[in-house]
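The residues making up each chain are set out below.
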Amino acid sequence: MNQQAQAVEPPVGTDRQGMDYLTSLPRRVVTVYVPLGAFLFVLLFPFYWMAITTFKPNEELLSREGNPFWVKNPTLAHIKKLLFETAYPDWLLNTMLIAGVATFLSLFASVLAAYSIERLRFKGSRYVGMSIFLAYLVPPSILFIPLAAIVYKLQLFDTRLALMLTYPTFLIPFCTWLLMGYFKSIPYELEECALIDGASRLQILVKIILPLAVPGLISAGIFAFTLSWNEFIYALTFVSSSEAKTVPVGVVTELVEGDVYHWGSLMAGALLGSLPVAILYSFFVEYYVSGLTGAVKE
Amino acid sequence: MRTQSTVLGRALDNRHLLGLVFLLPAAVLLLLFLTYPLGLGTWLGFTDTKIGRPGVWVGLENFEFLWGDSVTRLALFNTLFYTVVASIVKFVLGLWLALLLNKHLPFKAFIRAIVLLPFIVPTALSAIAFWWIYDSQFSIISWVLMRMGIIHEYIDFLGQPWAARFSTIAANIWRGVPFVAISLLAGLQTISPSYYEAASLDGASEWQQFRFVTLPLLTPIIAVVMTFSVLFTFTDFQLIYVLTRGGPLNSTHLMATLSFQRAISGGSLGEGAAIATAMVPFLLAAILFSYFGLQRRAWQQGGTDK
């Protein structure tokens, strides 16, 4: 894609802004590179700090002498402590399982709902579409109290299932909204041809629409997975035993004990909990960005 | 058997009926875990329910109590302050970053990818990193400022009311700027370069191009992005819960953290639900704002208002 874009662009350093080549290099350094460098430094510094703290031995962490930006004697002690003396591996597994199931469930429900609203155009589908958009705007922080009561009544309290079933409430509206946009771009004629050839609606959905909407499915899936991975308030409220916790909640509630903070293992926990989403994201950046901006633009 | 399957088959060919069948999984999940709790939450706000004890209708008692409660008033002030300051700064910095990223840059795709990192990493976990950066004894910021001779003792970032407010706002801005920047960048990329060429031929300065070309064309998307940003910020929970739990002296309590404290830690579900319900009017105002922003978009693109 990049190569194509470059081929289309006119030569001699012009870019899409047209007149940028008129600005001199020193001016460009001051107006573009310096501020951009400052932005990148501030945005990335916490991650660097997380990583460097993870490998620092305690003596270096708690000393004000020497250069704090580098490690003299790197150690794996904090990671070892995290993996073998805490329930961290359980939390990691829980998070993956919960995020995976919630994503799958939401995609399933959203594909059907989006197809139904956008292509079947049944009576009242416009209003359903509107209410899905409104549902997207309901924040979890006003829902968690009544949801806790419902989860308790359904005897799901302190189970992973409670999170798998409640995460779709913020995932389905988002995924449906995103997929509706993708389905809209598929020509009706394809569907009509298949109908004339005797295909059922379900066959059309599975064999024609879904293959064409794969980029949309990936966008929605990646987005849903990272949102579930990052969820905090439901996981904090609905789960109380250590074995069922997710990474964000486990790190915040269990690794902080008393007044002595184990910064090394806390940072190791934050780093290891962030890496899986960061890696997943790095493979699908384009899909993620198109999901993010698509949802805003629609 | 045969007739049954044809009846079923004919029914499934009817798109109105099939539409409802396809809608079923999403509708069940959303009605049970979104619409019902939304109603239940509002109802709970008018009862004196405690954890483990069903409550009775008490009318406006919760709201009357909360209106006179100094902690709730402080939380309302904090939430508005937090939202207004963080949103304005996020907008200015986000727009600036978007304009920078829209220029011709080496490694553009790579830079855009890493800019979004703060947004995709779990907020609770990056908040822990900020907790460490803000530590009263080992803060790296204090260390640097000491070395540069700007301060003479370590700053207590999260221990003083106003310092804590600004520290949490800074962390929120750090997390929110990438979202604003990347969304606005997508909007910038839809503006045709020919407008800028025409403007510069007419002798428009760089500032005039920004003021009279970029800004008006970007307004609709700014409205939507900022509505989302305001919604997220107003209902923020994780950052405060991890960094300060509302302290010191309730100076960083937001409506969401206060309702968690009253309902879950304190056990007064009714009171907590009332605080959550009190957030709804503010959210509705933001959504209406977004609605009119979207309407404006239709005619700006040459379409008609519906």
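Quick notes on the rules
- Residues numbered from 1 in each chain as written.
- Chains lettered and ligands numbered in written order.
- Predicted model: local features only at pLDDT ≥ 70, side-chain atom pairs only at ≥ 80, totals over all residues.
- Heavy atoms only, no water.
- Helix = DSSP H or I, 4+ residues; strand = E, 2+ residues; numbered from the N terminus.
- Buried < 20%, exposed > 50% of the residue type's maximum accessible area, 1.4 Å probe, protein only.
- Contact = heavy atoms within 4.5 Å.
- Areas by Shrake-Rupley, 256 points an atom, 1.4 Å probe, with all protein chains shown as cover.
- pLDDT = per-residue confidence, 0-100.
- Polar contact = N/O pair within 3.5 Å; in protein donor to acceptor, adjacent residues only side chain to side chain.
- Axes fitted to C-alpha atoms, helices over the stretch in contact; angles between N-to-C directions.
- Left-handed = near helix turned anticlockwise from the far one by under 90°.
- Nonpolar A, V, L, I, M, F, W, Y, C, P; charged D, E, K, R; others polar.
- Phe/Tyr/Trp six-rings, centres within 6.5 Å; stacked < 30°, edge-to-face > 60°.
- Buried area = accessible area lost by both parts, 1.4 Å probe.
- Salt bridge = Lys/Arg side-chain N within 4 Å of Asp/Glu carboxyl O.
- Core = buried A, V, L, I, M, F, W, Y, C linked by side-chain atoms within 4.5 Å.
- Expected span 1.5 Å × (residues − 1).

Caption draft 1: Layout of the overall build of chain B. Counting its secondary structure elements, chain B contains 14 helices and 0 strands. Reading chain B from its N end, one meets helices and strands in the order α-α-α-α-α-α-α-α-α-α-α-α-α-α. Buried residues in chain B amount to 52% of all 306 residues. Sequence-distant contacts, at least 24 apart, represent 66% of the contacts inside chain B between residues at least 6 apart.

Caption draft 2: Structural context of the overall build of chain A. A count of helices and strands for chain A gives 16 helices and 0 strands. By the burial criterion, 52% of the 298 residues in chain A qualify as buried. Split by element, the accessible area of chain A, about 13900 Å² in all, is 67% carbon and sulfur.

Caption draft 3: Summary view of unusual backbone geometry. A positive phi is found at D158 of chain A, a non-glycine position, where the angle reads about 65 degrees. With respect to the helices, strands and loops of the structure, D158 of chain A is situated in the loop between α7 (144–153) and α8 (160–166).

Caption draft 4: Region of interest: the confidence of the model for chain B. All names here are of chain B. With 91% of its residues at a pLDDT of 70 or more, chain B has an overall mean of 87. Considering only residues more than four positions removed or in separate chains, one finds that residues 302–306, a stretch of pLDDT under 50, has 6 contacts. Model confidence for the complex is summarised by a pTM of 0.88, with the ipTM given as 0.87.

Caption draft 5: The side chain of T79 of chain B, seen in detail. Residue and element names in this part refer to chain B. Summarising the element assignment, T79 is placed in helix α4 (residues 70–101). Take T79: its relative accessible area is 0%, and that puts it in the buried class. Among the polar contacts listed, one links the side chain of T79 to the backbone oxygen of A75, at a separation of 2.6 Å. Beyond its immediate stretch of four places on either side in the chain, T79 contacts F234, L254 and M255.

Caption draft 6: Looking closely at the packing of helix α10 (residues 188–196) of chain A against helix α11 (residues 201–212) of chain A. Residue and element names in this part refer to chain A. In the contact formed by α10 and α11, the axes pass within 10 Å of each other and the chain directions differ by 145 degrees. By crossing handedness, the relation of α10 to α11 is classed as right-handed. On α11, the residues touching L190, E191, A194 and L195 of α10 are R201, I204, I208, I209 and L212. For the contact of α10 with α11, a count of residues per class yields 7 nonpolar, no polar and 2 charged.

Caption draft 7: Looking closely at the packing of aromatic side chains. Residue and element names in this part refer to chain A. According to the stated counting rule, one finds 48 aromatic pairs over all chains in the structure shown. Geometrically, the ring pair formed by F45 and F69 is edge-to-face, given 6.2 Å between the ring centres and 65 degrees between the ring planes. Of the two residues, F45 sits in helix α2 (residues 25–54) while F69 sits in the loop between α3 (58–61) and α4 (77–85), which places them 24 residues apart along the sequence. Residue F45 is classed as buried on the basis of its relative accessible area of 15%.

Caption draft 8: Expanded view of the interface of chain B and chain A. With 99 residues of chain B in contact, the opposing surface of chain A contributes 102 residues. A combined buried area of about 9200 Å² lies between chain B and chain A, and 78% of that area is made up of carbon and sulfur atoms. For the chain B face of the interface with chain A, the top three residues by lost area are F22, F33 and W132 of chain B, together amounting to 9%. Taken together, the connections running from chain B to chain A amount to 2 salt bridges. In this structure, the salt-bridge partner of R27 of chain A is E206 of chain B, at a minimum N-O distance of 3.6 Å. Where chain B meets chain A, there are 10 residue pairs in polar contact (both at pLDDT 80 or more). Residues of the side of chain B that touches chain A, tallied by class, amount to 75 nonpolar, 15 polar and 9 charged.

Caption draft 9: Focus on the nonpolar core. Counting residues in hydrophobic clusters, the biggest one holds 188 residues, and the most contacted among them are Y167, F232 and Y234 of chain A together with L97 and L101 of chain B. Examining the composition of this core, we find that 15 residues originate from one element, helix α5 (residues 88–120) of chain A, more than from any other. Not counting residues within four places of it along the chain, the set of residues in contact with L97 of chain B comprises L36, F39 and L43 of chain A together with V115, V177 and A181 of chain B.

Caption draft 10: Layout of α5 of chain A. Taking 1.5 Å of rise per residue, the 33 residues of α5 of chain A would be expected to cover 48 Å, and the 46 Å separating its terminal C-alpha atoms lies within 8% of that figure. R121 of chain A, located one to two residues past α5 of chain A, shows a positive phi value of around 50 degrees.

Caption draft 11: Layout of the environment of L93 of chain A. Mapped onto the secondary structure, L93 of chain A falls in helix α5. With 153 residues separating them in the primary sequence, L93 of chain A and T246 of chain A have C-alpha atoms 8.2 Å apart.

Caption draft 12: Highlighting the environment of P146 of chain A. Here P146 of chain A lies in helix α7. In this structure the C-alpha to C-alpha distance between P146 of chain A and L120 of chain A, which are 26 residues apart in sequence, comes to 34 Å.

Caption draft 13: The pattern of salt bridges, seen in detail. Residues and elements named next belong to chain A. Scanning all chains against the criterion turns up 8 salt bridges over all chains. Its salt-bridge partner being K245, residue E254 comes within 2.8 Å of it at the nearest N-O pair. Judged by relative accessible area, which is 30%, E254 ranks as partly exposed. Residue classification places K245 among the buried positions, given a relative accessible area of 8%.

Caption draft 14: Summary view of the side chain of T72 of chain B. Residues and elements named next belong to chain B. Relative to the elements of secondary structure, T72 occurs in helix α4. A residue is classified by how much of its surface remains accessible, and T72, at 10% relative accessible area, is buried. Separated by 2.6 Å, the side chains of T72 and D69 make a polar contact. Residues contacting T72, with those up to four places away along its chain left out, are L66, L258 and R262.

Caption draft 15: Region of the structure containing the environment of A113 of chain B. When you line up the elements, A113 of chain B lands in helix α5 (residues 108–115). Residue A113 of chain B is classed as buried on the basis of its relative accessible area of 13%. Once the C-alpha coordinates of A113 of chain B and P178 of chain B are considered, the two residues, 65 residues apart in sequence, prove to be 10.0 Å apart. If near-sequence neighbours (up to four positions away) are discounted, A113 of chain B is found in contact with Y281 and V285 of chain A.

Caption draft 16: Main features of the confidence of the model for chain A. For chain A, per-residue confidence averages 85 on the pLDDT scale, and 90% of positions sit at 70 or higher. Counted against residues more than four places away or in other chains, residues 1–17 of chain A, with its pLDDT under 50, gives 13 contacts.

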